[in-house]
Amino acid sequence: MTMKFKVPSIVCAGCIDTIKEAIITEEPEAKVEIDLDSKQVMVDTEASEESIRQIITAVGHTVEE
Ligand SMILES: [Cu+2]
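**Q** Honestly, the coordination of the copper ion in this entry has me stumped. Any pointers?
**A** When a metal holds four donors in a tetrahedron, each ideal angle between them is 109.5 degrees; when it holds six in an octahedron, the ideal angles are 90 or 180 degrees. Summarising the metal site, the copper ion is bound by the protein donors Cys 12 (SG) and Cys 15 (SG), whose distances to it range over 2.1 Å. With a relative accessible area of 35%, Cys 12 lands in the partly exposed category.

**Q** Any chance you could explain the nonpolar core here in plain terms?
**A** A general trend in soluble globular proteins is that nonpolar side chains are found buried together. Residues Phe 5, Ile 23, Val 41, Val 43, Ile 52 and Ile 56 are the most contacted members of the largest nonpolar core, which totals 19 residues. Among the secondary structure elements, those contributing two or more residues to this core are β1 (2-6), α1 (13-26), β2 (31-35), β3 (40-44) and α2 (49-58). Examining the composition of this core, we find that five residues originate from one element, α1, more than from any other. The residues contacting Val 41, other than those within four sequence positions of it, are Met 3, Lys 4, Phe 5, Val 7, Ile 10, Ile 23, Val 32, Glu 33, Ile 34 and Ile 56.

About the cut-offs
Residues numbered from 1 in each chain as written. Predicted model: local features only at pLDDT ≥ 70, side-chain atom pairs only at ≥ 80, totals over all residues. Heavy atoms only, no water. Donors = N, O, S within 2.8 Å, 3.2 Å for Na, K, Ca; no water. Buried < 20%, exposed > 50% of the residue type's maximum accessible area, 1.4 Å probe, protein only. Core = buried A, V, L, I, M, F, W, Y, C linked by side-chain atoms within 4.5 Å. Helix = DSSP H or I, 4+ residues; strand = E, 2+ residues; numbered from the N terminus. Contact = heavy atoms within 4.5 Å.

Take it as geometry only, folks, not as evidence of what the structure does.
See below:
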């Protein structure tokens, strides 16, 4: 299942690497695509939306509701 998150705290390529790495570490099967301009995080995973949201938050980023 593919889920989308808007993460306004993404400001540079470093943020993208941080979030990607955090998600892949917790959910190795996940496919993650992040667009810097739209600050959109797309995750294809079997994990729950809530758990992905928590992973993004745990590395200091903010997910828009
Ligand atoms: Cu950054």
